[in-house]
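What the coordinates show
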Amino acid sequence: MRRALVVEDDADIVELVSLYLAKDGWDVEAVADGKRAIERARRGGFQLVILDIQLPGVDGLAVCAELRRDRASASVPVVMLTARGDEADRVVGLELGADDYVVKPFSPKELVARVRALFRRLERKDEAEVVTRLGPLELDRGRHVVHLTAKEFALLAALLDAHGRVLLRQALLQDVWGYSYAEGTRTVDVHVRRLREKMPAFAASIVTVKSLGYRIPRDAE
């Protein structure tokens, strides 16, 4: 059974999220503060982290950053929950490595739907060609050897699978994230920037097509 770590200090939200995740086949463990969340995640064994930002002690943003630094949790999908709804806070969470962002109050059905969409895309990519090459870089989908978050990995795979075609931001949002929303294209831009930062030798191969989206030219493959 897949295991999820819910990091939230509001007992009612923990109960609600745990109930809906359990109905969807998840084994759920919950902790109420950031320090314990980091300790539990470092032990491994989780395939998903649901993380509130406003936590006692170590806040969720710091927890997210720490999870991305640790090899045991670096590629585990992180969905952030927060009452902060403005764009600046969403971007900070994404910059630190969150894969998705749900603003309170939220529908637990929507949360589960987003989690399902995330894992459908991961499973679909696993069924595709196992190894794709970009120059000397090998993207191993079976072993997930490139040190990226789940969304970064899926985004890179989508760009490679396009074989030089331009992928519109909205199309990338739908393909990688599984849904569309008003400010979603900024999410795509943030993840592309993080890809370039993590792979500086290949940053120039991810080409920005002004006002449209991104492509990786075929001569870079």
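Heads up: the structure comes first, above all this text.
What you are looking at is a predicted structure, and each value in this text was computed from that prediction instead of being measured.

A separate point is the packing of aromatic side chains. Counted according to the given criterion, the structure contains one aromatic pair. Ring centres of Trp26 and Phe119 lie 5.4 Å apart, and the angle between their planes is 65°; on these two criteria the pair is classed as edge-to-face. One end of the pair, Trp26, is in strand β2 (residues 26-31); the other, Phe119, is in helix α5 (residues 108-127), and 93 residues separate them in sequence. Assessed through its relative accessible area of 3%, Trp26 is described here as buried. For Phe119, a relative accessible area of 11% puts it in the buried group. The aromatic ring of Tyr20 is capped on one face by Lys23, whose charged end is 5.2 Å from the ring centroid.

Moving on: a negative patch on the surface. Together, Asp9, Asp10, Asp12 and Glu15 make up a negatively charged patch on the protein surface. Tracing the backbone shows Glu15 in helix α1 (residues 11-23). We classify Glu15 as exposed; its relative accessible area is 57%.

A few words now on the sheet that holds strand β1 (residues 2-7). Taken in spatial order, the five strands of this open sheet run β2-β1-β3-β4-β5, and their pairing is parallel. Two strands close off the open sheet at either side, each with one partner strand: β2 and β5 (100-103). Ignoring which end each strand starts from, the neighbouring axes of this sheet average 20° apart. Along the sheet face, helix α2 (residues 34-42) touches β1 and β2 and points at about 165° away from the line of β1. Its contacts with the sheet place helix α3 (residues 60-69) against β3 (48-52) and β4 (78-82), and it is angled at close to 175° to β4.

Packing of α2 against α3 brings their axes to within 10 Å, and their N-to-C directions diverge by 20°. In terms of orientation, α2 lies roughly parallel with respect to α3. In this structure, α2 crosses over α3, and the sense of that crossing is right-handed. Together, Gly34, Ala37, Ile38, Ala41 and Arg42 of α2 and Val63, Glu66 and Leu67 of α3 make up the contact between the two elements. Its residues assigned to classes, the contact of α2 with α3 shows five nonpolar, one polar and two charged.

To continue, consider the pattern of salt bridges. Evaluated as defined, the whole model comprises 16 salt bridges. One salt bridge connects Arg42 with Asp70, and the closest N-O pair in it is separated by 3.5 Å. Placement of Arg42 in helix α2 and of Asp70 in the loop between α3 and β4 is noted, with a sequence separation of 28 residues between them. The exposure class of Arg42 is partly exposed, given its relative accessible area of 44%. Salt bridges sharing partners connect three or more residues here, namely Arg3, Asp27, Glu29 and Arg40.

Attention now moves to the environment of Leu148. Note on placement: Leu148 falls in the loop between β7 (137-140) and α6 (150-161). Not counting chain neighbours up to four residues away, the residues in contact with Leu148 comprise Ala74, Ser75, Phe153, Leu156, Leu195 and Lys198.

We now examine unusual backbone geometry. If a residue is not glycine, its phi is most likely negative; likewise, a peptide bond is most likely trans. Residue Pro105 follows Lys104 across a cis peptide bond; omega there is -5°. Locating Pro105 in the fold gives a position in the loop between β5 and α5. Positive phi, normally seen in glycine, also occurs at His163, with a value near 50°. Within the element layout of this structure, His163 appears in the loop between α6 and β8 (167-168). Under the relative-accessibility criterion, His163 is labelled partly exposed at 40%. In this model, Ser211 sits at a positive phi of 70°, which is unusual for a non-glycine residue. Assignment of secondary structure puts Ser211 in the loop between β9 (207-209) and β10 (213-215).

What counts, and where the lines are drawn
Residues numbered from 1 in each chain as written. Predicted model: local features only at pLDDT ≥ 70, side-chain atom pairs only at ≥ 80, totals over all residues. Heavy atoms only, no water. Phe/Tyr/Trp six-rings, centres within 6.5 Å; stacked < 30°, edge-to-face > 60°. Helix = DSSP H or I, 4+ residues; strand = E, 2+ residues; numbered from the N terminus. Buried < 20%, exposed > 50% of the residue type's maximum accessible area, 1.4 Å probe, protein only. Lys NZ or Arg CZ within 6 Å of the ring centre and 35° of its normal. Patch = residues over 30% accessible without salt bridge, like charges linked within 9 Å, V, L, I, M, F, W, Y side chains within 5 Å. Areas by Shrake-Rupley, 256 points an atom, 1.4 Å probe, with all protein chains shown as cover. Salt bridge = Lys/Arg side-chain N within 4 Å of Asp/Glu carboxyl O. Lys, Arg positive; Asp, Glu negative; His and termini not counted. Charge placed at Lys NZ, Arg CZ, Asp CG, Glu CD. Pairing = 2+ DSSP bridges. Axes fitted to C-alpha atoms, helices over the stretch in contact; angles between N-to-C directions. Contact = heavy atoms within 4.5 Å. Parallel < 35°, antiparallel > 145°, perpendicular 65-115°, else oblique. Left-handed = near helix turned anticlockwise from the far one by under 90°. Nonpolar A, V, L, I, M, F, W, Y, C, P; charged D, E, K, R; others polar.

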